[in-house]
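One letter stands for each residue in the lines below.
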Amino acid sequence: MNKAEYLKAIGIETWQPRDAECRVVEQPVICTDTPKIKHIIAVEDDTWASLQAQAEACHACDLAQTRNHVVFGVGNQQADLLIVGEAPGVNEDKQGELFVGRAGQLLNNMLLSIGLQREQIYIANVLKCHPPSGRDPQAEELSSCVPFLERQIALLQPKIILILGRAAHVLLETTEALESMRGKEYHYQNIPLLVSYHPAYLLRSPKEKRKSQQDLLMLKKYL
Ligand code: URA
């Protein structure tokens, strides 16, 4: 498939610009008021394997009672790009894998539209266990789980983090509308971080896909 076909696959019709050189992706606004790491997780030896083992044995909140799998994270541990989602859904909980199903397929096509294979990146969720019936995560669940993501970021040291949907509110500790968080460069552990829409939201609101594509083009500049 070529780029136009990938864009079509994610629901964006393309047209031929009269002057391709004139298409400029805006620069992000740099934000300096971003949170410090507050949660420290004790790790015996600081490796992916020990962190994953710790997550898989975690009983810090009630989600441990209802989960089928701890959905730790997946991908290339040398990746330049980390994508952060919210929480495993029913299918992710069943399969122990992130972003399966329609939202996952859309995410794959979004990545392909900027020339990235899923295998080249790392993907993790803020919450590692599925909240029953897809309910919103509770504060206690988030505060137990965010330290795992913090350690994943510290181990990975990506060039750029793309955070999808409401996961941005958790990590950046804000309730600002996602729309106004787009196009800004935040920092987390001194790593640049961009915010965009979650593919599940894009499936419900396909007209926002064009904005999501702008966000991906901005992201591509960091890689
Ligand atoms: N949505 C997410 O944010 N993460 C997943 O793993 C699946 C759906």
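Criteria and thresholds
Residues numbered from 1 in each chain as written. Predicted model: local features only at pLDDT ≥ 70, side-chain atom pairs only at ≥ 80, totals over all residues. Heavy atoms only, no water. Axes fitted to C-alpha atoms, helices over the stretch in contact; angles between N-to-C directions. Helix = DSSP H or I, 4+ residues; strand = E, 2+ residues; numbered from the N terminus. Parallel < 35°, antiparallel > 145°, perpendicular 65-115°, else oblique. Contact = heavy atoms within 4.5 Å. Nonpolar A, V, L, I, M, F, W, Y, C, P; charged D, E, K, R; others polar. Pairing = 2+ DSSP bridges. Buried < 20%, exposed > 50% of the residue type's maximum accessible area, 1.4 Å probe, protein only. Near = heavy atom within 4 Å. Polar contact = N/O pair within 3.5 Å; in protein donor to acceptor, adjacent residues only side chain to side chain. Areas by Shrake-Rupley, 256 points an atom, 1.4 Å probe, with all protein chains shown as cover.

Brief notes about the packing of helix H2 (residues 48–56) against helix H6 (residues 139–156)
Alright, step 1. Direction vectors running N to C along H2 and H6 enclose 170 degrees, while the axes themselves pass 11 Å from each other. The orientation of H2 relative to H6 falls into the category roughly antiparallel. Of the residues in H6, those in contact with Trp48, Leu51, Gln54 and Ala55 of H2 are Phe148, Arg151, Gln152, Leu155 and Leu156.
Alright, step 2. Residues of the contact of H2 with H6, tallied by class, amount to six nonpolar, two polar and one charged.

Some remarks on the sheet that holds strand S1 (residues 29–30)
Alright, step 1. One open sheet holds the seven strands; their spatial order is S1-S6-S7-S5-S3-S4-S2, and the pairing between them is mixed. For this open sheet the edge positions go to S1 and strand S2 (74–75), each flanked by a neighbour on one side alone.
Alright, step 2. Note that strand S6 (residues 184–188) and strand S7 (residues 191–196) share three bridges and pair antiparallel. Looking at the pairing, Tyr188 lines up with Ile191 of S7.
Alright, step 3. Each of strand S3 (81–85), strand S5 (160–164) and S7 touches helix H10 (residues 209–220); the most contacted strand, S7, lies at about 165 degrees to it.

Re the environment of Pro88
Alright, step 1. Looking at the element boundaries, Pro88 is found in the loop between S3 and helix H4 (90–95).
Alright, step 2. We classify Pro88 as buried; its relative accessible area is 2%.
Alright, step 3. When the C-alpha positions of Pro88 and Val100 are compared, they lie 9.3 Å apart, and in sequence the two are twelve residues distant.
Alright, step 4. Apart from residues lying up to four places away in sequence, Pro88 is in contact with Val71, Asp93, Asn125, Leu127, Lys128, Cys129, His130 and Pro131.

With respect to the site of the ligand
Alright, step 1. Around the ligand sit Gly85, Glu86, Ala87, Glu92, Leu98, Phe99, Asn125 and His198, and those are all the residues in its vicinity.
Alright, step 2. At a separation of 2.8 Å, a nitrogen atom of the ligand approaches a polar side-chain atom of Asn125.
Alright, step 3. Look at the ligand: alone it shows 240 Å² of surface, and the protein chains cover 91% of it.
Alright, step 4. Of the residues contributing to the shell around the ligand, the split by class is three nonpolar, three polar and two charged.

Remarks on the pairing of S5
If a strand is regular, its side chains alternate between the two faces of the sheet.
Alright, step 1. Within S5, five of the five residues are buried, which leaves it mostly tucked inside the rest of the structure.
Alright, step 2. In S5, alternate side chains face the same way, and those of Ile160, Leu162 and Leu164 on one face and Ile161 and Ile163 on the other are all buried.
Alright, step 3. As defined by bridge partners, S3 adjoins S5 across four bridges and the pair is classed as parallel. Among the inter-strand pairings, Ile83 is bridged to a residue of S5, identified as Leu162.
Alright, step 4. Pairing of S5 with S7, which is carried by four bridges, proceeds in the parallel orientation. Paired with Ile163 across the bridge in S7 is Val195.

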